[in-house]
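The chain contents come next:
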Amino acid sequence: MNAPVTRRDAVLGIAAAATSFAAPTILRAQSAGRVVVVGGGFGGAACARALKRAQANLQVILIEPSTVFTSCPFSNEVIAGLREIDVQQFGYDKVAAEGVTVISQAVTTIEPQLRSVVTADGVALPYDRLVLSPGIDFHFEALPGYDDATSEKMPHAWKAGAQTLLLRGQLEAMPGGGTVAIAIPANPSRCPPAPYERASLIAHYLKTTKPRSKVLILDAKDTFSQQRLFEKAWKELYGDMIERIALSQGGRVTSVDPATRTIVTEFGNYTPDVANVIPPQRAGRIAEVAGAADATGWCPIDPVTFESKLVPNIHVIGDACLGGGIPKSASAASAQGKACASAIVNLLAGRAPETPRLTGVCYNIVAPGYGFSLAGNYQPRGDIFAEVEGGATSPADAPRELRAREATEAERWFRAITADTFG
């Protein structure tokens with residue numbers, strides 16, 4: 001949910017040919033090289049477009065099973081009834097129009113020694129370089145009682161789409177005076193400030209439709225990004241409607257019981273009317289299949305090239321990588337995708353890659369016309385990205401005019417990044 005604070009489906013020749021093979025078949029074409037990108041979100045799509053723009057005769061293949069991408073940034077507004085989900089959805093026609101081969105398949109196998117990926121229909125696609133941008137998956141083992149079936153009763157809505165609409169429907173059906181509980185995991189996780197933005201916008205929905213209701217935050221952290229700004233806004237806009245129980249107060253969720261919709265914490269049990277449970281996370285499963293994820297569940301990389309520390313010729317970008325100080329956000333994923341593309345073009349040409357400097361901004365909307373932001377600059381330092389000078393955050397005591405302006409800037413940022421990524 002992140003330029004500084006002043007702040008579809010196109011299946012081309014390879015995919016058509018693929019349907020005629022039952023066993024893995026190698027498909028190769030003449031080109032300056034072939035780069036396969038797995039995952040068509042903000043990082044993967046940006047990387048694919050940047051690769052093709054940097055070197056027109058480079059063969060670039062984007063593999064993404066979904067023909068429509070649903071954006072997580074601004075999906076909290078869908079949950080709160082402030083926008084419809086169709087404005088969050090984007091296809092891949094314009095990515096394909098730039099010469100990127102888009103294949104709507106899942107990848108089932110990655111064979112690093114052969115430099116090949118195998119899709120669900122049995123086609124093996126060789127690569128010179130492979131980029132993984134798989135986003136996140138959930139670490140269900142870390143939260144007893146929670147799994148895919150449970151998420152239909154206690155939605156996470158942390159992957160935008162059907163879960164977003166499920167949580168919205170539960171809020172709409174909740175009786176007046178009810179309680180919405182949001183269980184927030186420890187870091188690292190996707191877009192760390194987003195759960196608090198969600199709590200804010202749910203409170204806005206409840207204040208306007210069911211004013212006797214309450215939002216309860218059960219948090220596995222004691223502190224969080226932009227905490228002072230959030231808490232000031234909550235007091236100003238919502239009074240005592242939002243209550244947060246931090247880690248040291250027993251807020252960490254240890255298990256759930258979907259049969260009774262009970263959330264169990266270290267110091268007590270809660271049975272809210274609506275339970276939004278965001279589980280602990282790790283890199284998308286294909287990263288583990290590739291051998292690029294370590295014991296943490298995330299992917300260590302060389303921050304200059306984004307190449308895996310564990311598997312040669314495989315690069316990992318976006319939420320899945322261990323990025324150090326750089327947040328797991330759309331803005332960061334897009335910046336990483338472009339920087340990774342530049343590094344790969346240089347590596348294929350036998351040139352030394354340039355050291356990237358990445359900029360990202362995270363916007364948070366706590367009510368219509370009320371927003372704030374956090375911008376940062378990041379460069380490689382050792383094995384990770386570290387924040388360097390030049391970042392900025394919204395002032396805590398800014399007038400409402402600035403809050404309104406930042407809300408407008410957030411909308412402008414969303415239109416710009418989605419146009420840049422998907423056309």
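Here goes a summary of the coordinates provided.

Tracing the backbone through its elements, the reader meets Lys 232 in helix H7 (residues 227–238). It is 24 Å that separates the C-alpha atoms of Lys 232 and Ser 189, two residues lying 43 residues apart in sequence. Among residues more than four places away in sequence, those in contact with Lys 232 are Ala 396 and Asp 397.

Attention now goes to the packing of aromatic side chains. This model, assessed by the stated rule, comprises 17 aromatic pairs. Ring geometry for Phe 69 versus Phe 422: centroids 5.0 Å apart, planes at 25 degrees, classification stacked. Taken as a pair, Phe 69 in strand S3 (residues 69–70) and Phe 422 in helix H10 (residues 400–422) lie far apart in primary sequence, 353 residues in all. Through a chain of ring-to-ring contacts, three or more aromatic side chains come together here, namely Phe 42, Phe 69, Phe 74, Phe 90, Tyr 92, Phe 414 and Phe 422. Seen from the ring of Trp 298, Lys 328 lies directly overhead, with NZ or CZ sitting 4.1 Å from the centre.

Here we come to the side chain of Lys 52. Examined against the element boundaries, Lys 52 turns out to sit in helix H2 (residues 42–54). Here Lys 52 sits buried without a salt bridge, and the closest side chain of opposite charge, Glu 98, lies 9.5 Å off (N-O distance). Leaving out residues up to four positions away in the same chain, Lys 52 has contacts with Leu 58, Val 60, Glu 98, Gly 99 and Val 100.

This brings us to the packing of H2 against helix H9 (residues 330–348). One can describe the packing of H2 onto H9 by two numbers: an axis separation of 7 Å at closest approach and a directional angle of 35 degrees. Considering how the two elements wind past one another, H2 and H9 form a crossing that is right-handed. Within the contact between the two elements, H2 uses Phe 42, Gly 43, Ala 46, Cys 47, Ala 50, Leu 51 and Ala 54 and H9 uses Ala 330, Ala 333, Ser 334, Gly 337, Lys 338, Cys 340, Ala 341, Ile 344 and Val 345. Each residue belonging to the contact of H2 with H9 can be placed in one class, and the counts come to 12 nonpolar, three polar and one charged.

This paragraph deals with the state of the cysteines. Counting across every chain of the model gives zero disulfides. Among the cysteines around Cys 72, which has no disulfide bond, Cys 191 carries the closest sulfur, lying 8.7 Å off. A residue is classified by how much of its surface remains accessible, and Cys 72, at 17% relative accessible area, is buried.

If you walk across this open sheet you meet the three strands as S20-S21-S22, and the pairing is antiparallel. Of all the strands in the sheet, the pair left with one neighbour each is strand S20 (358–367) and strand S22 (384–393). Within the sheet, the average angular offset between the axes of one strand and its neighbour, ignoring direction, is 30 degrees.

Our focus in this paragraph is the side chain of Arg 244. Topologically, Arg 244 is positioned in strand S13 (residues 242–245). Contact partners of Arg 244, with chain neighbours within four places excluded, come to Tyr 196, Ile 217, Asp 219, Lys 221, Asp 222, Thr 223, Phe 224, Gln 227, Glu 231 and Gln 249.

Compared with the 16 Å implied by 1.5 Å per residue over 12 residues, the 16 Å span of helix H5 (residues 162–173) between its first and last C-alpha is a close match. Residues Gln 163, Thr 164, Leu 167, Arg 168, Gln 170 and Leu 171 constitute the buried set of H5. Taken down its axis, H5 places every buried residue within 160 degrees of arc, on the same side. With respect to the buried face of H5, the exposed residues turned more than 90 degrees away are Ala 162 and Ala 173. In the core, the buried residues of H5 are packed alongside helix H3 (75–79), strand S11 (179–184), helix H6 (194–209) and strand S17 (274–277).

What follows deals with unusual backbone geometry. In the segment running from Asn 187 into Pro 188, the intervening peptide bond is cis, with an omega of 5 degrees. Look at Phe 306: it is not a glycine, yet its phi comes out positive at around 65 degrees. As for its position among the elements, Phe 306 is in the loop between helix H8 (285–290) and strand S19 (314–316). We note that Asn 313 has phi near 70 degrees; this positive angle belongs to a residue other than glycine. Here Asn 313 lies in the loop between H8 and S19. By relative accessible area, which is 13% here, Asn 313 ends up buried.

Each value, and the rule that gives it
Counting restarts for each chain: residues are numbered from 1 in the order of the written sequence. Per-residue local features are limited, in this predicted model, to residues with pLDDT of at least 70; the limit for side-chain atom pairs, both in listing and counting, is 80 or more; totals at the level of whole chains, interfaces and linings are taken over all residues. Heavy atoms from the whole structure form the basis of all side-chain values; hydrogens and water molecules are not counted. Numbering goes from the N terminus for both helices and strands, where a helix is a DSSP run of H or I of at least four residues and a strand is a run of E of at least two. Residues are treated as being in contact if the distance between any of their heavy atoms lies within 4.5 Å. Pairing of aromatic rings covers Phe, Tyr and Trp, the last counted by its six-membered ring, and requires centre-to-centre distances within 6.5 Å; plane angles under 30 degrees mean stacked, over 60 mean edge-to-face, and any other angle means tilted. Two limits define a charge over a ring: the Lys NZ or Arg CZ must be within 6 Å of the ring centre, and within 35 degrees of the ring normal. Working definition: with a 1.4 Å probe on protein chains only, accessible area under 20% of the residue-type maximum means buried, over 50% means exposed, and in between means partly exposed. Just so you know, the count uses Lys and Arg for positive and Asp and Glu for negative, and it drops His and the chain ends. Only one rule defines a salt bridge in this text: a Lys or Arg side-chain nitrogen within 4 Å of an Asp or Glu carboxyl oxygen. Throughout, an axis means a line fitted to C-alpha atoms (over the contacting stretch in the case of helices), and angles, computed between N-to-C directions, take values from 0 to 180 degrees. In a left-handed crossing the near helix is turned counterclockwise from the far helix by less than a right angle, and in a right-handed crossing that turn is clockwise. Throughout, the ten residues Ala, Val, Leu, Ile, Met, Phe, Trp, Tyr, Cys and Pro are labelled nonpolar, Asp, Glu, Lys and Arg are labelled charged, and all others, Gly among them, are labelled polar. Two cysteine sulfur atoms make up a disulfide if the distance between them is within 2.5 Å. Two strands make a pair as long as DSSP finds a minimum of two bridges between them. Expected helix span is given by 1.5 Å per residue-to-residue step, counting one fewer step than there are residues. Read the arc as the range of directions from the helix axis to the C-beta atoms.

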